Amino acid sequence: MGKIFVFVNQKGGVGKTTSAINIGAYLAMGGKSALLVDFDSQANLTSGVGIKAFKPGIYELLSGSAVFDSVLRKTALNGLSVIPASIDLSGAAVELIEQKNREFFLKNALEPARNRFDYILIDCPPSLGVLTLNGLSAADGVLIPMQCEYFAMEGLTLLLQTVKRIQKNLNPSLTIEGIFFTMYDSRTRLAQEVVKEVSAYFKDKVFTTIIPRNVRLSEAPSYGMTISQYDPQCSGAKAYRNLAMEVMQRGV
Ligand SMILES: Nc1ncnc2c1ncn2[C@@H]1O[C@H](COP(=O)(O)OP(=O)(O)OP(=O)(O)O)[C@@H](O)[C@H]1O
Ligand SMILES: [Mg+2]
């Protein structure tokens, strides 16, 4: 049975998509089958792994106009597949609000994925709206990327309240799989302090691996490549490989 993880942080630009892509890539390179689910109408994940055909994708799957097999795409990396998103997904957010059981559409849509993939990674948009609630309802575990900045703790508190609410009302078996730091710049004292503070508070919920700020990570998606394809020796690649190993070790 595959594990479903969701990348959530209501703050924009903290590394959700970059992390989903590259953790997925290293899970695949570690011999696991991984499915990336682009659940953001920005479709950064889809284009970031070099997929040009955005439709049919997750929106069509949710709305019932496409079946599971028709929305699956293989990437250039062996073992890594994607369900793409398109701008149409922004309409889904509005349509879902009206529906009964609106939080469970993604869970139902991903039912066939569980016994075909070892890992299913959902990339959410930067909000705690109905799409993210669907992501949290569908998942076994939440992965929280955090940038090391001043308001990080406040944002995290709100996010964890939301997770608690989901656990109580929609998905009792949801766990916080872990928090990890992204775009870390060891030269700034603030970054060091945020890591210290969050680690002291959340203890073993914090992954050991810290993702450094690394320009190669921001270049790779414009070539439609994972970091393992674009520059496997750079610091960002090594960090994501380690993080994927931690995810594998925790998630068995
Ligand atoms: N470790 C890193 N070092 C340098 N640049 C990074 C790193 N991680 C991500 N980036 C860049 O920072 C930007 C934001 O990253 P990303 O798109 O992964 O964040 P996000 O949380 O998915 O954003 P959004 O909330 O808009 O979906 C992107 O341009 C990405 O290429
Ligand atoms: Mg994103």
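Report on the accompanying structure. (Residues numbered from 1 in each chain as written. Chains lettered and ligands numbered in written order. Predicted model: local features only at pLDDT ≥ 70, side-chain atom pairs only at ≥ 80, totals over all residues. Heavy atoms only, no water.)

Some words on the site of ligand 1
Working step 1: Around ligand 1 sit 18 residues in total, of which Lys16, Thr17, Thr18, Pro212 and Asn214 are the nearest.
Working step 2: With respect to ligand 1, the backbone of Gly13 contributes an N or O atom lying 3.0 Å from an oxygen atom.
Working step 3: In the model, an oxygen atom of ligand 1 is placed 2.5 Å from a nitrogen or oxygen of the Thr18 side chain.
Working step 4: Coverage of ligand 1 by the protein chains reaches 81% of its 620 Å² of free accessible surface.
Working step 5: Put simply, the parts of the chain that give the shell around ligand 1 at least two residues each are helix H1 (16-29) and helix H10 (215-219).
Working step 6: Looking at the shell around ligand 1 element by element, the count peaks at three residues for H1.
Working step 7: Taken together, the residues of the shell around ligand 1 break down into six nonpolar, eight polar and four charged. (Near = heavy atom within 4 Å. Polar contact = N/O pair within 3.5 Å; in protein donor to acceptor, adjacent residues only side chain to side chain. Areas by Shrake-Rupley, 256 points an atom, 1.4 Å probe, with all protein chains shown as cover. Helix = DSSP H or I, 4+ residues; strand = E, 2+ residues; numbered from the N terminus. Nonpolar A, V, L, I, M, F, W, Y, C, P; charged D, E, K, R; others polar.)

Here we look at helix H5 (residues 89-97)
In an α-helix there are 3.6 residues to a turn, and that puts residues three or four apart on one side.
Working step 1: Residues of H5 that are buried include every one of Leu89, Ala92 and Leu96, and no others. Considered in projection along H5, the buried side chains sweep an arc of 30° and stay on one side of the axis.
Working step 2: Tucked into the core, H5 has its buried residues touching strand S2 (34-38), helix H3 (58-63), helix H6 (105-109) and helix H7 (130-138). (Buried < 20%, exposed > 50% of the residue type's maximum accessible area, 1.4 Å probe, protein only. Arc of directions from axis to C-beta. Contact = heavy atoms within 4.5 Å.)

Describing the environment of Glu246
Working step 1: Note that Glu246 resides in helix H12 (residues 235-250).
Working step 2: Sequence separation between Glu246 and Gly178 is 68 residues, and the spatial gap between their C-alpha atoms is 10.0 Å.
Working step 3: Ignoring any residue separated from it by four or fewer positions in sequence, one finds Glu246 in contact with Phe207, Thr208 and Thr209.
Working step 4: Within the structure, Glu246 has its side chain in polar contact with the backbone nitrogen of Thr208 (distance 3.0 Å).

What to know about the sheet that holds strand S6 (residues 141-147)
Working step 1: One open sheet holds the seven strands; their spatial order is S3-S4-S2-S5-S1-S6-S7, and the pairing between them is mixed. Two strands in the sheet have a free side with no partner beyond their single neighbour: strand S3 (73-74) and strand S7 (175-182).
Working step 2: Relative to strand S5 (residues 119-123), S2 runs parallel, the two being bridged by five bridges. Its bridge partner being in S5, Val37 is matched across the sheet by Ile122.
Working step 3: Docked against the sheet, H7 engages strand S1 (3-7), S5 and S6, running at close to 150° with respect to S1. (Pairing = 2+ DSSP bridges. Axes fitted to C-alpha atoms, helices over the stretch in contact; angles between N-to-C directions.)

Things to note about the pairing of S7
Working step 1: The buried fraction of S7 is high, at seven of eight residues.
Working step 2: With seven bridges joining them, S6 and S7 adopt parallel strand pairing. The residue of S7 that forms the bridge with Gly141 is Thr175.
Working step 3: For the segment spanning S6, helix H8 (residues 152-169) and S7, crossover handedness is right-handed. (Right-handed = clockwise from strand over helix to strand, strands pointing away.)

Quick word on the side chain of Ser137
Working step 1: As for its position among the elements, Ser137 is in helix H7.
Working step 2: In this view, Ser137 contacts Glu103, Phe104, Lys107, Leu170 and Asn171; residues no more than four positions away in its chain are not counted.

Let's talk about the state of the cysteines
Working step 1: In the structure shown here, the tally under the stated rule is zero disulfides.
Working step 2: The cysteine Cys148 is free of any disulfide, with Cys234 supplying the nearest cysteine sulfur at 18 Å. (Disulfide = S-S within 2.5 Å.)

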